Amino acid sequence: QFVAAMVVLDTWQYGWHRLMHSSGLLYRHVHSWHHRLVAPYAYAAQYNHPLEGLVLDTAGGALALAVTGMAPLTAAAFFSFATLKAVDDHSGVLVPGNPLHLLFRNNTAYHDVHHQVRGGRCNYAQLFFVAWDKLMGTYVPYEVVRARHGGLEAVPLKKKKKA
């Protein structure tokens, strides 16, 4: 049930997140609230327009719950984990050995690329997996490099030109 809920929520959020970037109206009036923060930090995970919170998080969570039929304790564990994962993805902190980064390719670095100035058209996947980005052609790989300030940062890999 836990994994099924992850798939349902990821699918729901990918679709809506991409739609919010594709629709000028939705982006301008709803999703742009979240992207006011170019450099994400932990609280940014839940910093969004109330309509976005209702559609992506509340409705998506209700759908995951309805489809999987999770028991209350399982649901509490799942939604707590999903919130923790969202906060970590928006933390902007790349800590070597972070277990969430080891388990999921959709992590802080992956989502940082999405929040970069030119990243708004890629890496829409949220929370757990990158499968929808790969299937839909919106996946942009990255590498983690040492930044000028001494920390680590995610840098999108440039596409290789065909010869």
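Residues numbered from 1 in each chain as written. Predicted model: local features only at pLDDT ≥ 70, side-chain atom pairs only at ≥ 80, totals over all residues. Heavy atoms only, no water.

> Just checking my understanding: could you explain the overall build of the chain for this structure?
Scanning the chain for helices and strands turns up 7 helices and 2 strands. Seen in sequence order, the chain has helices and strands lined up from the N terminus as α-α-α-α-α-α-α-β-β. Taking 15 Å as the expected radius of gyration for a compact globule of 163 residues, we find that the chain reaches 16 Å, a close match to that expectation. In terms of its C-alpha atoms, the chain occupies a principal-axis envelope of roughly 50 × 40 × 35 Å. By residue count, 44% of the 163 residues in the chain fall in the buried class. Across the chain, every contact between residues at least 6 apart in sequence was considered, and the portion connecting residues at least 24 apart equals 52%. As displayed, the chain offers around 9,300 Å² of accessible surface, 65% of which is attributable to carbon and sulfur atoms. (Helix = DSSP H or I, 4+ residues; strand = E, 2+ residues; numbered from the N terminus. Rg over C-alpha atoms; globule rule 2.2 N^0.38 Å. Buried < 20%, exposed > 50% of the residue type's maximum accessible area, 1.4 Å probe, protein only. Contact = heavy atoms within 4.5 Å. Areas by Shrake-Rupley, 256 points an atom, 1.4 Å probe, with all protein chains shown as cover.)

> Would you explain helix 6 (residues 108–115) in this entry?
Residue pairs spaced three or four apart in an α-helix point in one direction, given the helix's 3.6 residues per turn. For helix 6, a buried count of 8 out of 8 residues is recorded, marking the element as mostly surrounded by other parts of the structure. Among the residues of helix 6, Thr 108, Ala 109, Tyr 110, His 111, Asp 112, Val 113, His 114 and His 115 are the ones counted as buried. Structurally, the start of helix 6 carries an N-cap: the backbone nitrogen of Ala 109 is 3.1 Å from a side-chain oxygen of Asn 107. (Polar contact = N/O pair within 3.5 Å; in protein donor to acceptor, adjacent residues only side chain to side chain.)

> Would you mind going over helix 1 (residues 2–22) with me for this structure?
Its 21 residues place the ends of helix 1 30 Å apart at the C-alpha level, agreeing with the 30 Å of an ideal helix rising 1.5 Å per residue. Among all positions in helix 1, only Ala 5, Met 6, Val 8, Leu 9, Asp 10, Gln 13, Tyr 14, His 17, Met 20 and His 21 are buried. On its buried face, helix 1 is in contact with helix 2 (24–35), helix 3 (50–68), helix 4 (72–89), helix 6 and helix 7 (131–136). (Expected span 1.5 Å × (residues − 1).)

> I keep staring at the pairing of strand 1 (residues 142–146) and nothing clicks. Help me out?
The sheet contact formed by strand 1 and strand 2 (residues 152–156) spans 5 bridges and is antiparallel. Residue pairing for strand 2: Tyr 142 is matched across the bridge by Pro 156. The loop that links strand 1 with its antiparallel partner strand 2 comprises 5 residues; one of these, Gly 150, has a positive phi angle of about 100°. (Pairing = 2+ DSSP bridges.)

> Got a minute to help me understand the pattern of salt bridges in this structure?
Side chains bearing opposite charge may pair, as long as their charged atoms lie close to each other. Taken as a whole and assessed by the stated rule, the structure comprises 1 salt bridge. As a salt-bridge pair, Asp 89 and Lys 85 come within 2.8 Å of each other at their nearest N and O atoms. Residue Asp 89 and its partner Lys 85 are both found in helix 4; the two are separated by 4 residues, about one turn of the helix. Among the residues examined, Lys 85 registers a relative accessible area of 0% and is labelled buried. (Salt bridge = Lys/Arg side-chain N within 4 Å of Asp/Glu carboxyl O.)

> Can you walk me through the packing of aromatic side chains in this structure?
Within a pair of aromatic rings, the relevant descriptors are the distance that separates the centres and the angle that separates the planes. Evaluation of the coordinates by the stated rule reveals 14 aromatic pairs. A ring pair is formed by Phe 2 and Phe 78, whose centres lie 5.3 Å apart and whose planes are at 85°; its orientation type is edge-to-face. Taken together, the residues span a long stretch of sequence, with Phe 2 in helix 1 and Phe 78 in helix 4 at a distance of 76 residues. According to the relative accessible area criterion, Phe 2 is partly exposed, its value standing at 30%. Residue Phe 78 is classed as buried on the basis of its relative accessible area of 0%. (Phe/Tyr/Trp six-rings, centres within 6.5 Å; stacked < 30°, edge-to-face > 60°.)

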